[in-house]
Amino acid sequence: MVMALLRCHSAFSPFRPLLRSRPNGVAKVLAVVYSTTQTTITPTTWVDRLPQKVQPYVYLTRVDKPIGTLLLFYPCTWSITMASYALNAPPSVPLTYITLFGTGALIMRGAGCTINDLWDRNLDTAVERTKTRPLAQKDISPRHAIAFLAPQLAAGLAVLTQLNWYSIVLGASSLSLVTIYPFMKRITYWPQAVLGLAFNWGALLGWSAVTGALHWPVTGSLYAGGVLWTLVYDSIYAHQDKTDDVRVGIRSTALLFGEHTRSVLTAFSASSIGCIALAGYLNAQGAPFFIGTGLAAAQLARVVYRTDFDDRESCAKGFVTCGCVGFWIWMGALGDYIYLRLSASDESLLDSKS
């Protein structure tokens, strides 16, 4: 009966000659094949529990790695919260726009990954960290990826059209940066700067969504601080692939800075925090904002000091923990806004009693 079962199951095909010559090995073969099939079918992430045809598209958008979405989202939260503070807007304003921008960040980060992987599908096969991406290992064809990109961009446009016309035009203009970023690593050692310009567009867009226009002294400082922050975390990220990048001809700030990376990133970190603090000063932010910015500075210093730029695991950890910098800046701005609203409520209450 066991032999009949083995004959009718394709997974046992390689073992049939062995079984014919050594029937006593049946138990061993069963154990090996059972172990092999268990390793193959056991889900390792929540994505692996999805239908098999869906999985490559989910991996293409990197939705299983939320740090990218958060890094895109945080500059939006800074400007939305700071603009709401400047206008003393009711809580419904930041809540509405943070929800919209959170949805937009999730969608457009996925679209950006699709665009990036279409550009890099041939390069990715030669890089250890990226060779298992869906387009690199041909789980998805370029034609299907382009077809998938269309609804991603349509969904992003649907979110964008919820904003005022000034913000719609401003938001649409960032798509050129998203599109050319993957090409930059082929021609310049500063692709991280282009990524910073794209990833921090929300520092401009969030403010215009709330106020209807840009206030350049504040938003320009905030944007510059975000771009410098991106140079820090994406240079750390690029150090993971520097050996492969040299071999395949990809350029990055990791290769440009080399052994001077720590000192350069220290300067970028200080400049980033300085620009963001300047934006807070120009926006007349209170103590909570600067406490949050101080915590962000401490986190950034910790990452730059502790990261081993020659160790992939250390670089990956440093990149992810850089996300806490954006979080603390947002918490500072949010604390300031909440304090302002509570103070305004107390004053209204006193006025009504008098």
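Use the structure listed above.
A short tour of the structure in this document, coming up.

Rules of the game
Residues numbered from 1 in each chain as written. Predicted model: local features only at pLDDT ≥ 70, side-chain atom pairs only at ≥ 80, totals over all residues. Heavy atoms only, no water. Axes fitted to C-alpha atoms, helices over the stretch in contact; angles between N-to-C directions. Helix = DSSP H or I, 4+ residues; strand = E, 2+ residues; numbered from the N terminus. Parallel < 35°, antiparallel > 145°, perpendicular 65-115°, else oblique. Left-handed = near helix turned anticlockwise from the far one by under 90°. Contact = heavy atoms within 4.5 Å. Nonpolar A, V, L, I, M, F, W, Y, C, P; charged D, E, K, R; others polar. Buried < 20%, exposed > 50% of the residue type's maximum accessible area, 1.4 Å probe, protein only. Expected span 1.5 Å × (residues − 1). Phe/Tyr/Trp six-rings, centres within 6.5 Å; stacked < 30°, edge-to-face > 60°. Polar contact = N/O pair within 3.5 Å; in protein donor to acceptor, adjacent residues only side chain to side chain. Patch = residues over 30% accessible without salt bridge, like charges linked within 9 Å, V, L, I, M, F, W, Y side chains within 5 Å. Areas by Shrake-Rupley, 256 points an atom, 1.4 Å probe, with all protein chains shown as cover. Salt bridge = Lys/Arg side-chain N within 4 Å of Asp/Glu carboxyl O.

A few points about the packing of helix H6 (residues 92–124) against helix H7 (residues 142–160)
Step number 1: One can describe the packing of H6 onto H7 by two numbers: an axis separation of 9 Å at closest approach and a directional angle of 155 degrees. Comparing their axes, H7 and H6 come out roughly antiparallel. The two elements H6 and H7 meet at a crossing, and its hand is left-handed. Residue-level contacts link Leu 100, Thr 103, Gly 104, Ile 107, Met 108, Gly 110, Ala 111, Thr 114, Ile 115, Leu 118 and Arg 121 of H6 to Pro 142, Ala 145, Ile 146, Phe 148, Leu 149, Gln 152, Leu 153, Ala 155, Gly 156 and Val 159 of H7.
Step number 2: For the contact of H6 with H7, the per-class residue count stands at 14 nonpolar, six polar and one charged.

Regarding the environment of Leu 118
Step number 1: Relative to the helices and strands, Leu 118 is located in helix H6.
Step number 2: With a relative accessible area of 13%, Leu 118 lands in the buried category.
Step number 3: In this structure the C-alpha to C-alpha distance between Leu 118 and Ile 146, which are 28 residues apart in sequence, comes to 8.1 Å.
Step number 4: Those residues within four positions of Leu 118 in sequence are excluded, and the remaining contacts are Leu 135, Pro 142, Ala 145 and Ile 146.

Brief notes about helix H12 (residues 216–238)
Step number 1: In a regular helix each residue adds 1.5 Å, so 23 residues correspond to 33 Å; H12 covers 31 Å between its end C-alpha atoms and thus fits that length.
Step number 2: Within H12, 18 of the 23 residues are buried, which leaves the element mostly enclosed by the surrounding structure.

Here's the deal with the packing of aromatic side chains
Step number 1: Under the criterion given, the structure shown has 14 aromatic pairs.
Step number 2: Considering the side-chain rings of Phe 73 and Trp 330, the 5.9 Å spacing of their centres and the 80 degrees angle between planes classify their relative orientation as edge-to-face. Here Phe 73, found in helix H5 (residues 67–87), pairs with Trp 330, found in helix H18 (residues 323–353); they are 257 residues apart in sequence, far enough to count as distant. The pair Phe 73 / Trp 330 is uniform in exposure class, with both members buried.
Step number 3: Centre to centre, the rings of Trp 119 and Phe 183 are 5.6 Å apart; their planes meet at 40 degrees, and the pair counts as tilted. Here Trp 119, found in helix H6, pairs with Phe 183, found in helix H9 (residues 175–187); they are 64 residues apart in sequence, far enough to count as distant.
Step number 4: Ring-pair connections join several aromatic residues into one group, and the members of that group are Trp 78, Trp 229, Tyr 233, Tyr 237 and Phe 319.

Focus: the side chain of Gln 152
Step number 1: Checked against the element boundaries, Gln 152 lands in helix H7.
Step number 2: Of the polar contacts made by the side chain of Gln 152, one reaches the side chain of Thr 114; its length is 2.9 Å.
Step number 3: Leave out the neighbours within four places in its chain, and Gln 152 touches Thr 61, Ile 107, Gly 110, Ala 111 and Thr 114.

Notes on the environment of Val 304
Step number 1: Examined against the element boundaries, Val 304 turns out to sit in helix H16 (residues 287–306).
Step number 2: The spacing of Val 304 and Tyr 233 is 71 residues in sequence and 9.1 Å in space, taken between C-alpha atoms.
Step number 3: In this structure Val 304 touches Val 232, Arg 262, Leu 265, Thr 266, Ser 269 and Phe 309, once residues within four positions along its chain are discounted.

A short note on a nonpolar patch on the surface
Step number 1: A cluster of nonpolar residues, Leu 278, Tyr 281, Leu 282 and Phe 290, forms a patch on the protein surface that exposes about 400 Å² of accessible area.
Step number 2: Among the elements that line the nonpolar patch, the one with the most residues is helix H15 (residues 261–282), at three residues.
Step number 3: Examined against the element boundaries, Tyr 281 turns out to sit in helix H15.
Step number 4: The exposure class assigned to Tyr 281 is exposed, which follows from its relative accessible area of 62%.

Let's talk about unusual backbone geometry
Step number 1: Its identity is not glycine, yet Arg 62 carries a phi of approximately 60 degrees, on the positive side.
Step number 2: With respect to the helices and strands, Arg 62 occurs in the loop between helix H4 (55–61) and H5.
Step number 3: What makes Arg 62 buried here is its relative accessible area of 10%.
Step number 4: Look at Ala 284: it is not a glycine, yet its phi comes out positive at around 60 degrees.
Step number 5: Checked against the element boundaries, Ala 284 lands in the loop between H15 and H16.

Topic: the pattern of salt bridges
When charged atoms on two side chains of opposite charge get close, those side chains can pair.
Step number 1: A full pass over the atoms with the stated rule returns ten salt bridges.
Step number 2: As a salt-bridge pair, Arg 186 and Asp 120 come within 3.0 Å of each other at their nearest N and O atoms. Within this pair, whereas Arg 186 is found in helix H9, its partner Asp 120 is found in helix H6, the two being separated by 66 residues in sequence.
Step number 3: The exposure class of Arg 186 is partly exposed, given its relative accessible area of 25%.
Step number 4: Owing to a relative accessible area of 2%, Asp 120 belongs among the buried residues under this scheme.
Step number 5: If you follow the salt bridges from partner to partner, you end up with Arg 62, Asp 117, Asp 124 and Arg 133 in one network.

Structural notes on the side chain of Gln 285
Step number 1: Along the chain, Gln 285 falls in the loop between H15 and H16.
Step number 2: Here the side chain of Gln 285 touches Asn 283 through a polar contact of 2.7 Å, side chain to side chain.

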